[in-house]
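One letter stands for each residue in the lines below.
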Amino acid sequence: MATEDQIIDEVTSGEYKYGFTSNIDQEFAPIGLNEDTIRFISAKKNEPEWMLNWRLKAFENWQAMAEPNWANVKYPKVDYQSISYYAAPKKKEGPKSMDEVDPELIDTFNKLGIPLEEQKILAGVAVDVVLDSVSVKTTFKEKLAEAGVIFCSISEAIQEHPELVKKYLSAVVPVGDNFFAALNSAVFSDGSFVYIPKNTRCPMELSTYFRINAANTGQFERTLIIADEGAYVSYLEGCTAPMRDENQLHAAVVELVALKDAEIKYSTVQNWYPGDKEGKGGIYNFVTKRGICQGANSKISWTQVETGSAVTWKYPSVLLTGDNSIGEFYSVAVTNNFQQADTGTKMIHIGKNTTSRIVSKGISAGKSQNSYRGLVKVMNRADNAKNYSQCDSLLIGDKCGAHTFPYLEVDNQSANIEHEATTSKIGEDMLFYCNQRGLDDEKATAMIVNGFSKEVLDKLPMEFAVEAKKLLAISLEGSVG
Amino acid sequence: MLSIKNLHASVNGNEILRGVNLEIKPGEVHAIMGPNGSGKSTLASVLAGKDDYEITEGSVTFDSKDLLEFDPEERSREGVFLAFQYPVEIPGVSNTNFMKACLSEQRKHRGLDDLKPHEFLKLIREKAALVELDPKFLHRSVNEGFSGGEKKRNEIFQMAMLEPKLAILDETDSGLDIDALKIVANGVNKLKSPENAFVVITHYQRLLNYIVPDYVHVLYKGQIVKTGDKSLALELEEKGYDWIKDELVNA
């Protein structure tokens, strides 16, 4: 890739001296990962020392770890020393008008029903509309501030709210939790921070215009959301629009903390570039997402619609520590062509009378492989734990695969665990029935898939759900007939 | 309206239809009877365009268009409806949404805009009442958890919604008790008009007491071997098919 060569060139031929001070103009960290890289990133971001030490500890952990290989996915080894770990947000030389944008991309935007102005932003076209979104942003900020909600970038939070960050960062996902989480902790560039104060209901879904911002999120994203006692927040991450990125490896960490009587609803639509029809290219999406229901009667709900990425490795989990706490996981994962997804959840019952609910819908088409991997663990003192798991797989065509790996570890006899699993196929008969009523294969498939995923889609906030439905249809275009 | 000439069709090299000839005019009701394995359901599937069958000879003209050239969805939009012998279930898709999507495609084909939500709602209620379908079925997933009789009634409901020119009922009466049978027949009779036509495939004369055919055809070994009026159905009910087979042998 030309730009990458350029970057390497710039970095290697430049006068750059691995500086540790903050007044560096360099836009990129040198290729490769060592302690100096970490210091560079931290310095670049003007971080306090405790943050740097935290990163260094993570790096130390990471060096001692091996990349996990237990997932049901195959991909060429990532060379972690050939990646540039820091690139300052820069203004890209984008297309000047929509005429210069890939028509296929515009076509997809239109199918998703994304307004033209947003299309321009997503495609990187320079627009005046930025003014508009700034004003929207301002209105949002005012409203949130009134409620006492803190919503900012994690970098800003490190500067402005260090006491909260110190207390909660890595409280759920320790720096040495797993290979990718350790890597993220060492090198993360930015992400979001949310704090909802006691007894506060966040006055809006944290979403909408953030779709635009999401287009600029980095490779190693870090998100921390804290709902204080009695608080409620619904957070939306991601974007239905197809996301192209030159970075192949994405390793995000998301941590959620729900205190007593608090509720966090976290919804994701993931549509990273899945690679082409021959399986070339595409993003590796190795994400660690975990929440803790720390206080009694708290609730965390993960909802995800995963259609993108070449390889997905993702298990949004809930630690049910507080008594009577509830953890939920609703997932639709679509794989087409040569995509591979190994995704699921972990529900760890620790407190008494805890409940978890897992609804996973896997849709495989083309030559893709789609695995559900889920752990339900009931600890010794978790009396009266309840879990209900439902894992349904839908196959389109006969060259794809669907796999289910449910793990169950129960150390308390009072637990009540239910697991149901089904596998079905979009058969000729079903398509013919729809054809006979006037629907073509594509419309019929979209309808069947949406029906199959209904229980999960219903959990998404309204406007997201509408887009997600269209997205499912688009992701499976050309998979039948 | 429909003209079938010397239609031959095979599946996996076995010839099932061996020269079917049939002419259907608007306003007519044709019953097709015949022993098991004579090709009745194959004929229905071939007309609807199921691609398991290979047409080896003959032609089918519908409204002076070559029906065999069309994909199944195009045939549907042209006005051919098949009430399935075994309707499939579509989990998670409500009957209402299903019909909305189908009707939209049909209307698009005819150059019409989608109905407005209140118009659609009115239509769907009217048609449900016509086949005495409990409105609660409209919100349920297509055929999921429906009894055999409910599925059949749902087929007639869909037919009422889409108002086809030619409706083919493939053993819609099988598995129905007498009350359900009457409701289904009643629905068909209410939908009958001088512009549309029905092909009723059945094993039993019973249905034809309620849907009175203009013609009764006997399909045997992939050919229509005898055609009569409704009295032929009664005769078949009484005497079975052997006498027809004998006639053929002696002819």
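This is a predicted model, so every value here is computed, not measured. (Residues numbered from 1 in each chain as written. Chains lettered and ligands numbered in written order. Predicted model: local features only at pLDDT ≥ 70, side-chain atom pairs only at ≥ 80, totals over all residues. Heavy atoms only, no water.)

Trainee: Would you take a moment to explain the overall build of chain A for this structure?
Mentor: Across its full length, chain A carries 14 helices and 18 strands. Counting every position in chain A, which comprises 481 residues, the buried fraction comes to 56%. Across chain A, the fraction of contacts at a sequence separation of at least 24, relative to all contacts at a separation of at least 6, is 83%. A total of about 20,500 Å² of accessible surface is found on chain A, and carbon and sulfur atoms cover 49% of it. (Helix = DSSP H or I, 4+ residues; strand = E, 2+ residues; numbered from the N terminus. Buried < 20%, exposed > 50% of the residue type's maximum accessible area, 1.4 Å probe, protein only. Contact = heavy atoms within 4.5 Å. Areas by Shrake-Rupley, 256 points an atom, 1.4 Å probe, with all protein chains shown as cover.)

Trainee: Explain the sheet that holds strand β16 (residues 386–395) of chain A here, please?
Mentor: By definition, the strands of a sheet pair up through backbone hydrogen bonds, in either a parallel or an antiparallel sense. All names here are of chain A. Taken in spatial order, the seven strands make up an open sheet running β4-β7-β9-β12-β14-β16-β18, and their pairing is parallel. In this open sheet, the two edge strands, each paired with only one partner strand, are β4 (232–238) and β18 (416–425). Adjacent strand axes in the sheet meet at a mean angle of 5°, parallel and antiparallel pairs treated alike. Pairing geometry for β4 and strand β7 (residues 263–270), over seven bridges, is parallel. Bridge pairing in β7 places Glu237 opposite Thr268. (Pairing = 2+ DSSP bridges. Axes fitted to C-alpha atoms, helices over the stretch in contact; angles between N-to-C directions.)

Trainee: What exactly am I supposed to notice about the packing of aromatic side chains here?
Mentor: Any aromatic ring pair is given by two values, namely how distant the centres are and how the planes are angled relative to each other. As enumerated under the stated definition, the model contains 22 aromatic pairs over all chains in all. Each ring, one from A:Phe180 and one from A:Trp313, has its centre 5.1 Å from the other, and the planes form 70°; the classification is edge-to-face. Taken as a pair, A:Phe180 in helix α9 (residues 179–187) and A:Trp313 in strand β10 (residues 311–314) lie far apart in primary sequence, 133 residues in all. With respect to class, A:Phe180 is no different from A:Trp313; both count as buried. Centre to centre, the rings of A:Phe432 and B:Phe84 are 5.7 Å apart; their planes meet at 70°, and the pair counts as edge-to-face. Remark: B:Phe84 occurs in the loop between β6 (80–83) and β7 (90–94) and A:Phe432 occurs in helix α11 (residues 428–436); the pair is interchain, linking two chains. Considered together, A:Phe432 and B:Phe84 belong to a single accessibility category, that of buried residues. Ring pairing ties together the aromatic residues A:Phe59, A:Trp62, A:Trp70, A:Tyr75, A:Tyr80, A:Phe179, A:Phe180, A:Tyr284, A:Phe286, A:Trp313 and A:Tyr315, which thus form one cluster. Against the face of A:Tyr232 rests A:Arg201, its NZ or CZ located 4.0 Å from the ring centre. Here A:Arg373 stacks its cationic end above the ring of A:Phe405, 4.6 Å away from the centre of that ring. (Phe/Tyr/Trp six-rings, centres within 6.5 Å; stacked < 30°, edge-to-face > 60°. Lys NZ or Arg CZ within 6 Å of the ring centre and 35° of its normal.)

Trainee: Just to check I follow, could you spell out the pattern of salt bridges for this structure?
Mentor: Close approach of charged atoms allows side chains of opposite charge to pair. Residues and elements named next belong to chain A. Per the counting criterion, the structure on display carries 30 salt bridges over all chains. Taking the shortest distance from any N to any O, the salt bridge between Lys260 and Asp261 comes out at 3.4 Å. Residue classification places Lys260 among the partly exposed residues on the basis of a relative accessible area of 40%. Given the relative accessible area of 37%, Asp261 is considered partly exposed. (Salt bridge = Lys/Arg side-chain N within 4 Å of Asp/Glu carboxyl O.)

Trainee: So what exactly am I meant to see when it comes to helix α12 (residues 441–452) of chain A here?
Mentor: Every α-helical turn comprises 3.6 residues, leaving residues that sit three or four positions apart pointing alike. Residue and element names in this part refer to chain A. Taking 1.5 Å per residue as the helical rise, α12 with its 12 residues ought to reach 16 Å, and the 16 Å between its terminal C-alpha atoms agrees with that figure. In terms of burial, α12 is largely enclosed, as nine of its 12 residues are buried. Within α12, the full set of buried residues consists of Ala444, Thr445, Ala446, Met447, Ile448, Val449, Asn450, Gly451 and Phe452. (Expected span 1.5 Å × (residues − 1).)

Trainee: Which parts of the structure should I look at to understand the sheet that holds strand β12 (residues 223–228) of chain B?
Mentor: Residue and element names in this part refer to chain B. Taking strand neighbours across the sheet as the criterion, the six strands line up as β6-β9-β10-β3-β11-β12 in an open arrangement whose pairing is mixed. Two strands lie at the open edges of the sheet, namely β6 and β12, each paired on one side alone. Averaged over all pairs of adjacent strands, the angle between strand axes in this sheet comes to 20°, irrespective of strand direction. Here strand β11 (residues 215–220) runs beside β12; their pairing, made up of five bridges, is antiparallel. Each bridged residue has a counterpart across the sheet, and for Leu219 the counterpart in β12 is Ile224.

Trainee: Explain the confidence of the model for chain B here, please?
Mentor: A low pLDDT means the predicted coordinates there should not be read in detail. Residue and element names in this part refer to chain B. Looking at chain B, the pLDDT average stands at 92 and 100% of residues meet or exceed 70. The least confident element of chain B is helix α9 (residues 242–250), whose mean pLDDT is 83; the most confident is β6, at 97. ipTM for the predicted complex: 0.95, alongside a pTM of 0.82. (pLDDT = per-residue confidence, 0-100.)

Trainee: Honestly, the nonpolar core in this entry has me stumped. Any pointers?
Mentor: Proteins that are soluble and globular tend to have nonpolar side chains buried together. Of all hydrophobic cores here, the largest spans 110 residues; its most connected members are B:Ile90 and B:Phe98. If we skip the residues at most four places from it in the chain, B:Phe98 touches A:Tyr433, A:Cys434, A:Arg437, A:Leu439, A:Met447, B:Ile90, B:Val93, B:Val142 and B:Gln158. (Core = buried A, V, L, I, M, F, W, Y, C linked by side-chain atoms within 4.5 Å.)

Trainee: Got a minute to help me understand the interface of chain A and chain B in this structure?
Mentor: Size of an interface, as often reported, equals the accessible area lost when the parts are brought together. Chain A puts 18 residues into the contact, and the matching count from chain B is 31 residues. Where chain A abuts chain B, roughly 2,000 Å² becomes buried across the two surfaces, and 65% of that area is made up of carbon and sulfur atoms. Three residues, A:Phe432, A:Tyr433 and A:Arg437, lead the burial of chain A against chain B; their summed loss comes to 39% of the area buried on that side. The partner of A:Lys443 in a salt bridge is B:Glu105, with the nearest N and O atoms 3.2 Å apart. Between the two partners, chain A and chain B, sit 14 residue pairs in polar contact (both at pLDDT 80 or more). Mapped by element, the contributors of at least two residues to the side of chain A that touches chain B are α11 and α12 of chain A. Across the side of chain A that touches chain B, the residue classes tally to eight nonpolar, four polar and six charged. (Buried area = accessible area lost by both parts, 1.4 Å probe. Polar contact = N/O pair within 3.5 Å; in protein donor to acceptor, adjacent residues only side chain to side chain. Nonpolar A, V, L, I, M, F, W, Y, C, P; charged D, E, K, R; others polar.)

Trainee: Just checking my understanding: could you explain the confidence of the model for chain A for this structure?
Mentor: On average, residues of chain A score 82 in pLDDT, and 80% of them reach the 70 mark or higher. A low-confidence stretch, residues 208–217 of chain A (pLDDT under 50), is modelled with 24 contacts involving residues beyond four sequence positions or located in other chains.

Trainee: Before we go on, may I ask you to explain the state of the cysteines in this structure?
Mentor: As used here, a disulfide is simply a covalent bond connecting the sulfur atoms of two cysteines. Scanning the entire structure with this criterion turns up zero disulfides over all chains. Here A:Cys434 stays free of any disulfide, with the sulfur of B:Cys102 as its closest cysteine sulfur at 6.8 Å. (Disulfide = S-S within 2.5 Å.)

Trainee: Explanation requested: the side chain of B:His30 in the structure shown.
Mentor: All names here are of chain B. Mapped onto the elements of the fold, His30 is located in strand β3 (residues 29–33). In terms of polar contacts, His30 uses its side chain to reach the side chain of Glu28, at 2.6 Å. Polar contacts involving the side chain of His30 include one to the side chain of His217, which spans 2.8 Å. Among all residues touching His30, those that are not within four sequence positions of it are Leu22, Glu23, Ile24, Phe198, Val199, Val200, Tyr215 and His217.

Trainee: Could you clarify how one ought to interpret the packing of helix α4 (residues 117–130) of chain B against helix α6 (residues 148–162) of chain B in this entry?
Mentor: The relative placement of two packed helices comes down to the angle between their axes together with the axis-to-axis distance. All names here are of chain B. It is the contact of α4 with α6, at a shortest axis distance of 9 Å, that shows an interaxial angle of 135°. Accordingly, the angle class assigned to the pair α4 and α6 is oblique. Our pair here, α4 against α6, has a crossing hand that is right-handed. Seen from α4, the contacting residues are Phe120, Leu123, Ile124, Lys127, Ala128 and Leu130; seen from α6, they are Phe157, Ala160 and Met161. Each residue belonging to the contact of α4 with α6 can be placed in one class, and the counts come to eight nonpolar, no polar and one charged. (Parallel < 35°, antiparallel > 145°, perpendicular 65-115°, else oblique. Left-handed = near helix turned anticlockwise from the far one by under 90°.)

Trainee: Just to check I follow, could you spell out helix α1 (residues 40–48) of chain B for this structure?
Mentor: All names here are of chain B. Buried residues dominate α1, accounting for eight of its nine residues. Listing the buried residues of α1 in full gives Lys40, Thr42, Leu43, Ala44, Ser45, Val46, Leu47 and Ala48. Trailing α1 by a residue or two, Gly49 shows a phi angle of about 95°, which is positive.

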